[in-house]
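One-letter residues, chain by chain:
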Amino acid sequence: MGGDLRHGGLPGTTDPAGTRPGAEPRPVGTPRIVGMVWGLLILNTLGSTGAKTIIPLPRSLIQMVTMGALVAAFALALAVNARLRIRASAYVLLLTLLLVASVISSAHLESGFGALFRCFRLALFVGTLWLLSRWWDGGLTFVRHHIRMYFAVLGSVAAGLAVSPGAALPDLYGGRLVGALWPLTPPQIGQYAAVIIGLTVLLLLGRRTDRVSAAVVIVPSLVLLALTHTRTATLGLLLGLVLAIGSLILTSTAARRFFTWAVLCATVAAVGFASALQAWFLRGQSKENFSSLTGRAKVWDALLAAPRSTSEQLFGVGLGDKSFNGLPIDNSWLAAYNEQGLIGVTLVAAIIIVLGGVALLRPPSLQRACAIFLISYCAIASYTEAGLGDASPYLLHLALAASLLAAPAETAPLSTPEVPRRRVPRWAQRSEAI
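Criteria and thresholds
- Residues numbered from 1 in each chain as written.
- Predicted model: local features only at pLDDT ≥ 70, side-chain atom pairs only at ≥ 80, totals over all residues.
- Heavy atoms only, no water.
- Core = buried A, V, L, I, M, F, W, Y, C linked by side-chain atoms within 4.5 Å.
- Buried < 20%, exposed > 50% of the residue type's maximum accessible area, 1.4 Å probe, protein only.
- Helix = DSSP H or I, 4+ residues; strand = E, 2+ residues; numbered from the N terminus.
- Contact = heavy atoms within 4.5 Å.
- Patch = residues over 30% accessible without salt bridge, like charges linked within 9 Å, V, L, I, M, F, W, Y side chains within 5 Å.
- Areas by Shrake-Rupley, 256 points an atom, 1.4 Å probe, with all protein chains shown as cover.
- Salt bridge = Lys/Arg side-chain N within 4 Å of Asp/Glu carboxyl O.
- Axes fitted to C-alpha atoms, helices over the stretch in contact; angles between N-to-C directions.
- Parallel < 35°, antiparallel > 145°, perpendicular 65-115°, else oblique.
- Left-handed = near helix turned anticlockwise from the far one by under 90°.
- Nonpolar A, V, L, I, M, F, W, Y, C, P; charged D, E, K, R; others polar.
- 1 Å grid on protein atoms, 1.4 Å probe; cavity = no way out; pocket = protein on both sides within 12 Å on 5 of 7 lines; lining within 4 Å.
- Points joined across faces, edges and corners; volume = space filled by probe spheres on them.

1. Focus: the nonpolar core
Link 1 in the chain: Ranked by internal contacts, the top residues of the largest apolar core, which has 102 residues, are Trp38, Tyr91 and Leu129.
Link 2 in the chain: When residues in this core are grouped by element, the largest group, 12 residues, is from helix 7 (residues 186-205).
Link 3 in the chain: Discounting chain neighbours no more than four positions away, the residues touching Leu129 are Trp38, Leu41, Tyr91, Val92, Leu95, Trp136, Leu396 and Ala399.
Link 4 in the chain: With 8 residues, the next largest nonpolar core counts Val299, Trp300, Phe324 and Tyr337 among its residues.

Okay, structure coming up:
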């Protein structure tokens, strides 16, 4: 995206003050270092496992980079907010309670000492969000940081595809796109692409960016999303945009026009390309494999059928790698139940309900629409993806939604300095009286 991404916009021109019609002025007092902290948090949540890269990267090196990014993010956030000024946030408070539940469940060491390390990581993650909450004012600053960073991540994926198409589309993943330079799985790439596509579309409808700048982000991201064959990300993008744009229909002519054209194009595509869309959606799987959600249902049934003590039901077995018997759980609710018990599930549900409730109570606006998109996307993806119970991109998406729903900070009125009274001599007072 053109210049808007560089100066307060989706890639935008050199207009940092936001003097263009419809431009979003940069919030006064938001340091540039805050954007660096947000980027480091995103780097930390990229993960350390995935496809084989062109240049083999030891997992220890990847973990050192991602964990180092989190430590650096916390240190920078602490430096820029040395006075520890924070804003009240129900979202971060619920994350803090989830951290407490995670520590209690991990203290038994049923998942080994790695559980305590993951608790330490979650503590740094939540602490950094508390420090950044000072700048959560309902503006679009963090939306732009979000798009810029994930667009850079997708740029690395596109570069790996250009350098080595065989490594980027391996047979191991059924020809689906993976990260050839940094180990990223197809669901990860699909998630990043879907999120920035949705946010960019909403910024375009809200006239916070121009069409050329938006096309620079949307078009290549759509291509990468299609190459990943990720059904969850695609459904989350479509349903999330329907809900977000639906919240703007009554107040935005552009939203009504876009919704009408989208429905028309979707109808034509469904009729004219039904067989191609079905083939893309099934990914060559049998109906049995598709009905079991690529084997996920078998893992879920085994997890629910496993015997558990009362303590394990309430608090779980401690933070782990979101797997059960060596197989990925791929469900945020069951992963939270396994690792943080019913208390963890309750807190995760409270996060979604509170954010969704606040979004519904806000008056229609672009910020509200972006928040609705992010909340609905995370809720949809939680069915086949894990991450709502631990430091992950999904918690960052929800943190962005919380920043958009925050009430603008009240600015103290400027006080007029008192002008000292000048003493008038008595002879001057007599002359004035005359």
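2. A short note on a nonpolar patch on the surface
Link 1 in the chain: Taken together, the side chains of Ile54, Ile55, Leu57, Leu61, Met64, Val65, Val163 and Leu181 define a hydrophobic patch exposed on the protein surface, amounting to about 690 Å² of accessible area.
Link 2 in the chain: Counting residues per element, the nonpolar patch draws most heavily on helix 2 (residues 59-80), at 3 residues.
Link 3 in the chain: Its location among the elements puts Leu61 in helix 2.
Link 4 in the chain: By relative accessible area, Leu61 is classed as partly exposed at 35%.

3. Looking at the packing of helix 7 against helix 8 (residues 211-228)
Link 1 in the chain: Look at helix 7 against helix 8: their axes get within 9 Å of each other, and the N-to-C directions meet at 155 degrees. The orientation of helix 7 with respect to helix 8, classified from their angle, is roughly antiparallel. By crossing handedness, the relation of helix 7 to helix 8 is classed as left-handed. Where helix 7 abuts helix 8, its residues Pro186, Ile189, Gly190, Ala193, Ile196, Ile197, Thr200, Val201 and Leu204 lie against Arg211, Ala214, Val217, Ile218, Ser221, Leu222, Leu225 and Thr228.
Link 2 in the chain: Split into classes, the residues belonging to the contact of helix 7 with helix 8 amount to 12 nonpolar, 4 polar and 1 charged.

4. Re the packing of helix 1 (residues 32-44) against helix 17 (residues 393-405)
Link 1 in the chain: Helix 17 packs onto helix 1 with a crossing angle of 150 degrees between their chain directions and a minimal axis gap of 9 Å. The angle between helix 1 and helix 17 places the two elements in the roughly antiparallel class. Together, Trp38, Leu41 and Ile42 of helix 1 and Leu396, Ala399 and Leu400 of helix 17 make up the contact between the two elements.
Link 2 in the chain: Within the contact of helix 1 with helix 17, the residues separate by chemical class into 6 nonpolar, no polar and no charged.

5. A closer look at the pattern of salt bridges
Link 1 in the chain: Tallied over the full model, the rule gives 3 salt bridges.
Link 2 in the chain: Linking Glu339 and Lys322 is a salt bridge whose minimum nitrogen-to-oxygen distance equals 3.1 Å. Of the two residues, Glu339 sits in helix 15 (residues 332-361) while Lys322 sits in the loop between helix 14 (310-315) and strand 1 (323-324), which places them 17 residues apart along the sequence. Of the two residues, Glu339 and Lys322, neither departs from the other in class, the shared state being buried.

6. What about empty space enclosed by the protein?
Picture a little ball the size of a water molecule; that probe, rolled over the atoms, points out where space is still empty.
Link 1 in the chain: Here the structure, examined in full by the defined rule, presents 3 cavities of 30 Å³ or more.
Link 2 in the chain: Size it by volume and the second largest cavity reaches roughly 40 Å³.
Link 3 in the chain: If you trace the second largest cavity, you find it lined by Pro187, Gln191, Thr230, Thr232, Ala233, Tyr377, Ala381, Glu385 and Tyr394.
Link 4 in the chain: Those elements giving two or more residues to the lining of the second largest cavity turn out to be helix 7, helix 9 (231-246) and helix 16 (366-381).
Link 5 in the chain: Across the lining of the second largest cavity, the residue classes tally to 5 nonpolar, 3 polar and 1 charged.

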